[in-house]
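Here is what each chain is made of, one letter per residue.
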Amino acid sequence: MGVAPCVGFIGLGVMGQPMALNLARAGTPLVVWNRTPARCEPLRAAGAEVAADPAEVFRRARVVFLMLANGPAIDAVLGRGTPEFAANVSGRVTVHMGTTSPEYSRGLEADIRAAGGEYAEAPVSGSRGPAEEGRLVAMLAGEPSAVAAVRPLLPPMCHQTYPCGGVPNALLMKLSVNIFLITTVTGLAESFHFAARHGLDERLLRDVLDAGPMASAVSRAKGGKLLDRDFGVQASIVNVLDNNRLIAEAARASGVASPLLDVCHALYRETLALGHGRSDMAAVVHAIESRTALTEL
């Protein structure tokens, strides 16, 4: 096919940049591109090559990872709906690592395969901290040949990979995981608010939670943020709302009830309205505090 034996990575945001850095530091021959060029500089310093545009990434790489925000961003990078699309994806394995609707992914796979390419989903579970540490969990789906091409490349980014069958099962698995994540963090925020309003020592609450059976990497990370009122972003309110919407749409389409998720959706929407859209998801505590304030009027 005349394609150099390197790996492409497009999308160097909060998650994508540390993921790509881990690939580069592991010695993976890497070519990268990002809409904001400055995000590429740490990759260049780590030994990756920086492409002038997405098309160059596809020309040079056999496997191209996409860590992009949504379907329109993916379509723009791929040139979907234009003559450039087939030139970009033909003979390559395109790997969708972000979170979109399962139906979008199913349609993208069909278009890529029709254009002579291969496609895999590899969404990940984890936020910026695990991304920096190479401790993400990957869910992988696609045709066997695509999965076989992608799986050996994941270890520098993901300490565990779980094959999920065909597309869009990896994205459906990611949405299932995110229900638990969103409801867990929302419940944790409510716990800290409840304790604070009753005059309890929040550090003691943190210690009790950490010592008990509910402790997890999530409870420790988000508990620390709530304790310190540190809402520096790992997974933003805007991002959580988008994921919540995707889950709700998939639930409605399949006739599945999602009562806890619906309550969370309202709280995260209220947090956004309060001006905390770019804050970490633990900032949902602001919406809970706001509701308490309303009951005191």
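What counts as what
Each chain carries its own residue numbering, running from 1 in the direction its sequence is written. Given that the model is predicted, a residue must reach a pLDDT of at least 70 before its local features are reported, and side-chain atom pairs must reach 80 or more before they are shown or counted; all residues, however, enter totals for whole chains, interfaces and linings. Where side-chain values are given, they derive from all heavy atoms of the structure, hydrogens and water being excluded. Labels follow the DSSP assignment, with helices taken as runs of H or I lasting at least four residues and strands as runs of E lasting at least two, numbered in each case from the N terminus. To sort residues, take the accessible area from a 1.4 Å probe on protein chains only and compare it with the maximum for the residue type: under 20% means buried, over 50% means exposed, and anything in between is partly exposed. Positive: Lys, Arg. Negative: Asp, Glu. His and the chain ends are not part of the count. Here, a salt bridge means any Lys or Arg side-chain nitrogen found within 4 Å of an Asp or Glu carboxyl oxygen. Any pair of nitrogen or oxygen atoms within 3.5 Å is treated as a polar contact; in protein, a donor-acceptor pairing is required on top of that, and neighbouring residues in sequence qualify only through side-chain atoms on both sides. Take the number of residues in a helix, subtract one, and multiply by 1.5 Å to get its expected span. Two cysteine sulfurs form what is called a disulfide whenever their separation falls within 2.5 Å. DSSP-based pairing: two strands are paired if at least 2 bridges between them are found. In this analysis the probe radius is 1.4 Å and the grid spacing 1 Å, with only protein atoms considered; a cavity is a set of points the probe fits into but cannot get out of, a pocket is an open set with protein on both sides within 12 Å along at least five of seven lines, and lining residues have an atom within 4 Å of a point. Grid points are joined across faces, edges and corners, and a volume is the space filled by probe spheres set on the points. In this classification, the charged set is Asp, Glu, Lys and Arg, the nonpolar set is Ala, Val, Leu, Ile, Met, Phe, Trp, Tyr, Cys and Pro, and all remaining amino acids, among them Gly, are polar. We call a set of buried Ala, Val, Leu, Ile, Met, Phe, Trp, Tyr and Cys residues a nonpolar core when their side-chain atoms join them within 4.5 Å. Contacts were defined at the residue level, with two residues in contact if any of their heavy atoms lie within 4.5 Å. Each pair of aromatic rings taken from Phe, Tyr and Trp, with Trp reduced to its six-membered ring, is defined by centres within 6.5 Å and is described as stacked if the planes are under 30 degrees apart, edge-to-face if over 60, and tilted in the remaining cases. With the strands pointing away from the viewer, any crossover whose connection runs clockwise from the first strand over the helix to the second is right-handed. In this description, a line fitted to the C-alpha atoms serves as the axis of each element, helices being fitted only across the stretch in contact, and the angle between N-to-C directions of two axes falls anywhere from 0 to 180 degrees. Roughly parallel means an angle under 35 degrees; roughly antiparallel means over 145; roughly perpendicular covers 65 to 115; every other angle is labelled oblique. Working rule for handedness: look at the near helix, and if it is turned counterclockwise from the far one by less than a right angle, call the crossing left-handed; if clockwise, right-handed.

Here we take up the side chain of R92. Here R92 is to be found in the loop between α5 (84-89) and β5 (93-96). It turns out R92 is buried and unbridged, and the closest side chain with the opposite charge, E118, is 11 Å from it. Separated by 3.4 Å, the side chain of R92 and the backbone oxygen of R59 make a polar contact.

Taking 1.5 Å of rise per residue, the 29 residues of helix α9 (residues 169-197) would be expected to cover 42 Å, and the 42 Å separating its terminal C-alpha atoms lies within 8% of that figure. Trailing α9 by a residue or two, G199 shows a phi angle of about 75°, which is positive.

Moving on, we get to the state of the cysteines. Under the definition given, this model contains 0 disulfides. No disulfide involves C6; its sulfur sits 14 Å from that of C40, the nearest cysteine. Taking relative accessible area as the criterion, C6 reaches 12% and is therefore assigned buried.

Here we take up the pairing of strand β1 (residues 6-10). The element β1 is largely enclosed, with a buried count of 5 among its 5 residues. The pairing of β1 with strand β4 (residues 61-66) spans 5 bridges and is parallel. Residue pairing in the sheet places V7 in a bridge with V63 of β4. As paired strands, β1 and strand β2 (residues 30-33) are joined by 4 bridges and run parallel to one another. Within the sheet, the bridge partner assigned to I10 lies in β2 and is W33.

This part takes up the layout of surface pockets. Empty space among the atoms becomes apparent when a probe as large as a water molecule is rolled across them. Taken as a whole, the second largest pocket holds about 190 Å³ of empty space. Residue lining of the second largest pocket: 14 residues in total, with S176, I179, I247, A251 and V256 positioned closest to the centre. Counting only elements with at least two residues in the lining of the second largest pocket, the list comes to α9, α12 (237-254) and α13 (259-273). The residue makeup of the lining of the second largest pocket, split by class, is 11 nonpolar, 3 polar and no charged.

What follows deals with the nonpolar core. F9, M19, L30, F65 and M97 are the most contacted members of the largest nonpolar core, which has 34 residues in total. Listed by contribution, the elements that provide at least two residues to this core are β1, α1 (16-25), β2, β4, β5, β8 (136-142) and α8 (144-150). Sorting elements by how many residues they give to this core places α1 first, with 5 residues. Residues within four places of M97 in sequence aside, it is in contact with M19, F65, L66, M67, A122, P123, V124, L154 and M157. Among the nonpolar cores identified, the runner-up in size contains 30 residues, and L226, I247, L267 and A282 belong to it.

A word on the packing of aromatic side chains. Here a ring pair, both rings aromatic, is described through the centre-centre distance and the interplanar angle of the planes. This model, assessed by the stated rule, comprises 1 aromatic pair. Arranged with centres 6.1 Å apart and planes meeting at 40°, the rings of F9 and F65 form a pair that is tilted. Placement of F9 in strand β1 and of F65 in strand β4 is noted, with a sequence separation of 56 residues between them. F65 gets classed as buried once you look at its relative accessible area, which sits at 0%.

Turning our eyes to something else, we now look at the environment of D75. For D75, the location among the structural elements is in helix α4 (residues 71-78). For the pair formed by D75 and F85, sequence separation is 10 residues and the distance between their alpha carbons is 8.9 Å. If we skip the residues at most four places from it in the chain, D75 touches R80 and Y104.

Before going further, it helps to spend a moment on the pairing of strand β9 (residues 158-163). Bridge analysis of β8 against β9 gives 5 bridges, and the strand direction is parallel. Bridge pairing in β9 places L140 opposite P163. As for the winding sense of the linkage, the β-α-β connection from β8 through α8 to β9 is right-handed.

For the rest of this paragraph, the subject is the packing of α9 against α12. How two helices sit against one another is set out by the angle between their axes and by the gap between those axes. Remark: α9 packs on α12, axes separated minimally by 10 Å, with the N-to-C direction vectors making an angle of 125°. Comparing the axis directions of α9 and α12 gives the class oblique. Viewed along their axes, α9 and α12 form a crossing whose handedness is left-handed. When α9 is examined against α12, the residues L175, N178, I179 and I182 are found in contact with a partner set consisting of V240, N243, N244, L246, I247 and A250.

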